[in-house]
Amino acid sequence: MFEKILIANRGEIAVRIIRACREMGIKTLAVYSEADATSMHVQLADEAICIGPAASSESYLKIDRIISAAEVGDVDAIHPGFGFLAENAHFAEVCENCNIKFIGPRSSVIKMMGDKAVARETARKAGIPIVPGSDGPISNEQDAVKLAKKIGYPVIVKAVGGGGGRGMRIAHNDVSLVKGFHTARTEAERAFSNPAVYLEKYIELPRHIEIQILGDQKGRVLHLFERECSIQRRHQKLVEESPSPALDENMRKHITRAAVRIAEKVEYTNAGTVEFLLDAKGNFYFIEMNTRIQVEHPVTEEAVGVDIVKEQIRIAAGEPLTLEQRDIRLMCHAIECRVNAEDPANDFRPCPGRIESYYCPGGHGVRVDSHCYAGYTIPPTYDSMIAKVIAFGHDRRAAIDRMSRALSEFSIQGVKTTIPLQRAIMQDPDFRRGRYSTGFIDHFLGTKQIEPVESEA
Ligand code: ADP
């Protein structure tokens with residue numbers, strides 16, 4: 001087993017990884033930017049090295065500085081968390097070349113699945129249904145229009161290198177497609193340094209269902225069932241749950257098998273997520289594979305009782321999976337609400353600043369993953385997620401009631417947060433019935449006024 005791990009990340013995921021390491025008796029080395037000197041991950045790690053100024057391009061994305069820190073700190077492995085360098089194949093390759101274990105899949109697999117057009121093709125070859133669309137990237141607007149005529153509007157233009165909901169444009173006719181083609185390319189070039197885009201049929205009001213998988217270095221792949229992540233704003237997830245209220249046992253069997261098949265096909269190692277869209281008729285289609293730990297992994301951890309971060313570390317150290325598929329069961333219902341420092345009453349404007357007071361909920365069946373504390377100043381430089389509240393119970397209703405209770409206790413003074421929105425979602429009759437799709441939030445925000453409160457006590 002590893003003796004020391006460098007965590008190439010910040011915020012709650014860095015804290016989450018440090019906690020797993022500590023329980024496993026592994027030492028931790030945090031890296032941080034000048035803006036994060038007082039951050040929780042720096043305080044909790046055994047050692048910490050400053051790697052540069054606030055801008056992530058000068059710190060958390062600087063491969064040479066992270067590798068230097070790894071060498072100075074004499075670590076055996078690097079955990080990339082999510083975001084930043086987690087899906088950067090070059091970074092994984094540099095780690096491989098420097099003899100530092102990258103806690104994730106091989107760089108070649110990250111590269112393959114990081115190109116969403118190649119991932120589509122890989123899924124198709126594995127016999128997995130994909131959304132009707134282009135074979136590979138589309139190079140000009142004429143081809144885009146021709147293909148859209150064939151598959152029928154609406155369509156969605158998506159960035160080959162995409163992630164985080166960026167570089168996507170929905171089009172309902174030729175004019176909006178031509179415009180969307182160019183804006184998606186420009187956005188993709190800016191965000192991912194790769195302007196390539198591809199086309200998919202736009203599935204109306206689908207549900208987003210994803211399967212958590214684990215693969216060891218001996219070639220064994222397991223799944224940890226599904227998460228439903230259809231509560232999204234601008235293609236960004238806000239609420240996730242497991243199991244999905246949309247799947248029956250038969251659908252669950254088929255979709256989990258499809259996810260395992262694609263992972264086996266690419267000889268996947270470590271934790272990964274295979275994402276699908278489910279249409280109103282119950283058909284599912286592969287959309288992408290994420291080759292890293294996901295923000296919403298705690299939902300699965302609580303639903304099936306497996307510590308995914310520890311599994312990642314064991315797999316990277318070369319240990320075989322000790323779990324058997326038949327032993328992995330959905331034992332309870334778990335829900336996660338992402339708490340962002342944003343003002344839902346003001347078009348979700350980011351609200352960085354000092355947290356004056358902070359009271360975090362607890363009690364039976366509640367878990368909060370966060371790096372925040374009273375007196376902490378949320379820097380404006382990074383993403384606005386400041387906490388994840390996970391509530392679980394014997395069934396969906398119990399989990400929702402527990403989440404409502406937990407959110408009502410959560411008190412953050414000093415910055416505005418999305419807690420009032422999350423509380424309102426938990427009370428929504430359609431959400432409570434499990435009848436929702438990715439169109440939920442647009443409809444919900446159109447009919448509900450979220451009160452501009454600073455905190456909830
Ligand atoms: P990203 O990698 O940026 O997260 P995804 O391909 O995972 O992009 O898609 C994110 C979300 O965008 C999906 O969960 C879904 O809500 C929406 N989406 C993507 N592709 C389609 C499609 N073909 N039809 C309808 N919605 C889509």
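Residues numbered from 1 in each chain as written. Predicted model: local features only at pLDDT ≥ 70, side-chain atom pairs only at ≥ 80, totals over all residues. Heavy atoms only, no water.

1. Here's the deal with the overall build of the chain
The line we're drawing: A run of H or I in DSSP becomes a helix once it reaches four residues, and a run of E becomes a strand once it reaches two; helices and strands are each numbered from the N terminus. The globule rule used here is 2.2 Å times the number of residues to the 0.38 power, and the radius of gyration it is set against is calculated over C-alpha atoms. Buried means the residue's accessible area, taken with a 1.4 Å probe over protein chains only, is under 20% of the maximum for its type, while exposed means over 50%, and partly exposed covers the values in between. Note on contacts: a residue pair qualifies if any of its non-hydrogen atoms lie within 4.5 Å across the two residues.
Helices and strands together make up the secondary structure of the chain, namely 15 helices and 22 strands. On C-alpha atoms alone, the chain measures out to a radius of gyration of 21 Å, which is about the 23 Å that the 2.2 N^0.38 rule sets for 457 residues. Once the C-alpha set of the chain is aligned to its principal axes, its extents read approximately 60 × 50 × 45 Å. Across the 457 residues of the chain, 58% fall into the buried class. A sequence separation of at least 24 residues applies to 67% of the contacts in the chain between residues at least 6 apart.

2. A word on the side chain of E200
As for its placement among the helices and strands, E200 is situated in strand 8 (residues 197–201). In contact with E200, not counting residues within four places along its chain, are R120, V131, P132, G133, I151, V155, I156, K158 and I287.

3. Quick notes on the packing of aromatic side chains
Definition in use: Only centres within 6.5 Å qualify two rings of Phe, Tyr or Trp (six-membered ring in Trp) as a pair; their planes then separate them into stacked at under 30 degrees, edge-to-face at over 60, and tilted for everything else. In our convention, an over-ring charge means Lys NZ or Arg CZ found within 6 Å of a ring centre and within 35 degrees of that ring's normal.
Using the criterion set out here, one finds 12 aromatic pairs in the structure. Directly above the ring of Y436 sits R207, whose terminal nitrogen or CZ lies 4.6 Å from the centroid. The cationic tip of R396 hangs over the ring face of F431; the distance from NZ or CZ to the ring centre is 4.8 Å.

4. Thoughts on the sheet that holds strand 6 (residues 155–159)
Here is the rule: Here the rule is simple: two strands pair whenever DSSP picks up at least two bridges between them. Helix axes use the C-alpha atoms of the stretch in contact, all axes being lines fitted to C-alpha atoms, and the angles between their N-to-C directions lie in the range 0 to 180 degrees.
Judged by pairing direction, the sheet is antiparallel, and its 3 strands sit side by side in the order 7-6-8 without closing on themselves. The open sheet terminates on both sides in strands that have one partner only, identified here as strand 7 (168–171) and strand 8. Each strand axis lies, on average, 20° off the axis of its neighbour in the sheet, ignoring direction. Taken together, the 4 bridges between strand 6 and strand 7 define a ladder with antiparallel strand orientation. The partner of V157 across the bridge, within strand 7, is R169. Against the sheet, helix 8 (residues 174–192) makes contact with strand 6, strand 7 and strand 8, and its axis sits at roughly 20° relative to strand 6, the strand it touches most.

5. Overview of the site of the ligand
So the rule is basically this: Nearness here has a simple test: a residue counts as near a molecule or strand if at least one of its heavy atoms is within 4 Å of that partner. N or O atoms within 3.5 Å of each other form a polar contact, as long as, within protein, one can give a hydrogen and the other can take it, and as long as residues adjacent in sequence are counted only when both atoms are side-chain atoms. In this classification, Asp, Glu, Lys and Arg are treated as charged, Ala, Val, Leu, Ile, Met, Phe, Trp, Tyr, Cys and Pro as nonpolar, and every other residue, Gly included, as polar. What marks off one domain from the next here is an automatic or database domain assignment.
As a structural note, the neighbourhood of the ligand is formed by 21 residues, with G165, E200, H208, Q232 and E288 the closest of them. Contacts to the ligand include K201, whose backbone N or O atom sits 2.9 Å from a nitrogen atom. At a separation of 2.7 Å, an oxygen atom of the ligand approaches a polar side-chain atom of H208. In terms of residue class, the shell around the ligand is made up of 7 nonpolar, 8 polar and 6 charged. When we break the shell around the ligand down by domain, the ones giving at least three residues each are domain 2 (132–201) and domain 3 (207–447).

6. Remarks on the domain arrangement of the chain
Which entries qualify depends on this criterion: A 1.4 Å probe defines the accessible area here, and the buried area is the portion of it lost by two parts on being joined, summed over both. The rule for a salt bridge is simple: a side-chain nitrogen of Lys or Arg has to be within 4 Å of a carboxyl oxygen of Asp or Glu.
The domain boundaries assigned to the chain delineate domain 1 (4–103), domain 2 (132–201) and domain 3 (207–447). Put simply, the middle of domain 2 and the middle of domain 3, counted by C-alpha atoms, are 28 Å apart. Carbon and sulfur atoms supply 53% of the area that domain 2 and domain 3 bury against each other, a total of about 420 Å² over both sides. Applying the counting criterion to the domain 2 and domain 3 interface returns 0 salt bridges. Our count for the domain 2 to domain 3 interface comes out at 0 residue pairs in polar contact (both at pLDDT 80 or more). For the side of domain 2 that touches domain 3, the residue count by class is 3 nonpolar, 2 polar and 2 charged.

7. Focus: the sheet that holds strand 14 (residues 333–340)
Read from one edge of the open sheet, 8 strands run 13-12-9-10-11-14-21-19, paired in antiparallel fashion. The open sheet is flanked by strand 13 (284–290) and strand 19 (366–370), the only strands paired with a single partner. Neighbour-to-neighbour, the strand axes of this sheet turn through a mean angle of 25°, independent of strand direction. As paired strands, strand 19 and strand 21 (residues 385–393) are joined by 5 bridges and run antiparallel to one another. Counted as the bridge partner of D369 is K388 from strand 21. Sitting on the sheet, helix 1 (residues 11–24) is in contact with strand 19 and strand 21, with an inclination near 115° to strand 19.

8. Some details on the pattern of salt bridges
Overall, the coordinates contain 38 salt bridges when judged by the stated rule. Its salt-bridge partner being D36, residue R10 comes within 2.6 Å of it at the nearest N-O pair. Here R10 is found in the loop between strand 1 (4–7) and helix 1, whereas its partner D36 is found in the loop between strand 2 (27–33) and helix 2 (40–44), with 26 residues between them in sequence. The exposure class of R10 is buried, given its relative accessible area of 6%. Classification of D36 as buried rests on a relative accessible area of 1%. With a closest N to O distance of 2.6 Å, K310 and E23 form a salt bridge. Of this pair, K310 sits in helix 11 (residues 308–316) while E23 sits in helix 1, and the two are 287 residues apart along the sequence. Residue class for K310 comes out buried when judged on its relative accessible area of 15%.

9. Regarding the environment of I425
Within the secondary structure, I425 is located in helix 13 (residues 419–427). Sequence separation between I425 and N97 is 328 residues, and the spatial gap between their C-alpha atoms is 47 Å. Those residues in contact with I425 that lie beyond four places of it in its chain are I231, V239, F431, F440, I441 and F444.

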